[in-house]
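Listed below are the residues making up each chain.
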Amino acid sequence: MKYVRVLREGGPVWGVLEGERVHTLSKAPYKELAYDGKHLDLKDCTLLAPCEPTKLVCIGRNYYDHISELRDMVDGSGTPEQPTLFLKGLNCLNHPEGHVGAPEFVTRLDYEGELGVVIKKRAKNVKAADFADYVLGYTCLNDVTARDIQKADGQWARGKSMDGFAPIGPLVTDEIDPANADIETRLNGRVVQKSNTSLFITGVAKIMEFITAAMTLEPGDVIATGTPAGVGPMKCGDVVEVEIKGVGVLRTYID
Ligand code: MG
C-alpha cells in the first residue's frame, strides 16, 4: 500500500495512491482505511510530508562507511556500541518539492539522504521480532545539517534543528524491504550518495526495540535511520534529491 498526504481545498488529507490516482481518506490510515469516496489525480496534487509526527527520532551513525568520514568532520569518535539517538524539532518538518535555507552564520549546510520509518500505532517496549506491526511504511528523508554548527556546539540541537531541516516524502509505502532498499542522493543531478540499507549497523527492527525501550512512539512519528557515506555541502540554488527504490524521489530546493 502507498499512502500520500495532499492538499485539498487548502487543508491536508490522507490518500491511498493507486497508479496515478489518489483515493482520499476521511482520517489518517493508522488504524483502518476510511475511504471518503472521492479521488484526485496525482498530477493535480500538492504533496505534503506523509506523516504527522509528535517527534522526529534520528540515528546519528548507522552506516560503517559514514562513520569513517564523520571521524574527520565532526568529533573523531568510532563505531558506536549502540545506536546514537538525537531529536529534530517539529519546526524542521518540510514537504516534497520544499525549500530549505540556513541563516547567514551557517558556513556549511549538508544533505543526508536517509530511509524514514513512519509509525502507525503507539509503540512502547516493542520487541524486534514484532516491529513491523508498528510501522505504517517507509519514506525518504533528508536530515539537513548545519555541519559547522554541529561540530562547534558539541550538542546537535542547533545544527540539526533549524527551520525546514527535515524534508520527508514523497509517499509512505509498506511495499519495500527496509533491510534491502537502494538509496541514492543526487546534487544537481550528480550522484553523491549511493548505498543500500543492508549496510546498516543496526537494522530497523533493532532500532525500534532500542528506541521504544526508552520512549513511546506515537502514530505518525518518524524515525530517520541514518545516512551512508558521501555527505557534503549544498549552496543556494542547488537541487537535492533523495531517492529510495520503491518509494520515489524527494526533491528539495536550496535557498
Ligand atoms: Mg542523519
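A few points on the structure. (Residues numbered from 1 in each chain as written. Predicted model: local features only at pLDDT ≥ 70, side-chain atom pairs only at ≥ 80, totals over all residues. Heavy atoms only, no water.)

This part covers the overall build of the chain. Check the secondary structure of the chain and you find 4 helices and 20 strands. Against the 2.2 N^0.38 benchmark of 18 Å for 255 residues, the chain shows a C-alpha radius of gyration of 17 Å, consistent with a compact globule. In terms of overall dimensions, the chain has a C-alpha envelope of 55 × 45 × 30 Å along the principal axes. Buried positions account for 54% of the 255 residues belonging to the chain. Counting only contacts in the chain whose residues sit at least 6 apart along the sequence, the fraction spanning at least 24 positions is 71%. Of the roughly 11000 Å² of accessible surface on the chain, a fraction of 50% belongs to carbon and sulfur atoms. (Helix = DSSP H or I, 4+ residues; strand = E, 2+ residues; numbered from the N terminus. Rg over C-alpha atoms; globule rule 2.2 N^0.38 Å. Buried < 20%, exposed > 50% of the residue type's maximum accessible area, 1.4 Å probe, protein only. Contact = heavy atoms within 4.5 Å. Areas by Shrake-Rupley, 256 points an atom, 1.4 Å probe, with all protein chains shown as cover.)

Each protein donor to the magnesium ion is listed here as Glu112 (OE), Glu114 (OE) and Asp143 (OD); together their distances run 2.0 to 2.1 Å. Look at where the donors of the magnesium ion fall in the sequence and you get E-x1-E-x28-D. (Donors = N, O, S within 2.8 Å, 3.2 Å for Na, K, Ca; no water.)

Next up on the list: the sheet that holds strand 16 (residues 190-196). Ordered by their spatial adjacency, 5 strands build an open sheet running 9-20-19-15-16, and the pairing between neighbours is mixed. Looking at the sheet topology across the chains shown, the edges are occupied by strand 9 (98-100) and strand 16. Taken over all neighbouring pairs, the strand axes of this sheet differ in orientation by 20° on average, direction set aside. Sheet topology note: the strand 9/strand 20 (residues 248-254) ladder contains 3 bridges and is parallel. Considered in strand 20, the bridge of His99 is made with Tyr253. (Pairing = 2+ DSSP bridges. Axes fitted to C-alpha atoms, helices over the stretch in contact; angles between N-to-C directions.)

For the rest of this paragraph, the subject is the packing of aromatic side chains. This structure, assessed with the given rule, holds 3 aromatic pairs. Measuring from centroid to centroid gives 5.1 Å for Phe86 and Trp156, while their planes differ by 70°, and the two rings are edge-to-face. One end of the pair, Phe86, is in strand 7 (residues 85-88); the other, Trp156, is in the loop between helix 2 (147-153) and helix 3 (157-160), with 70 residues separating them in the sequence. Residue Trp156 is classed as buried on the basis of its relative accessible area, which comes to 15%. One residue, Lys121, lies across the ring of Tyr134, its end atom 5.0 Å from the ring centre. (Phe/Tyr/Trp six-rings, centres within 6.5 Å; stacked < 30°, edge-to-face > 60°. Lys NZ or Arg CZ within 6 Å of the ring centre and 35° of its normal.)

By the element assignment, Thr227 lies in the loop between strand 17 (222-224) and strand 18 (232-234). According to the relative accessible area criterion, Thr227 is buried, its value standing at 2%. Of note is the side chain of Thr227, whose polar atom sits 2.8 Å from the backbone oxygen of Gly113. A distance of 2.9 Å separates the side chain of Thr227 from the side chain of Gln193, its partner in a polar contact. If we skip the residues at most four places from it in the chain, Thr227 touches Tyr63, His66, Glu112, Gly113, Glu114 and Gln193. (Polar contact = N/O pair within 3.5 Å; in protein donor to acceptor, adjacent residues only side chain to side chain.)

Note on placement: Ala229 falls in the loop between strand 17 and strand 18. As for Ala229 and Lys194, which are separated by 35 residues in sequence, their C-alpha atoms are 8.0 Å apart. Those residues in contact with Ala229, other than ones at most four positions away along the chain, are Asp65, His66, Glu69, Val192 and Gln193.

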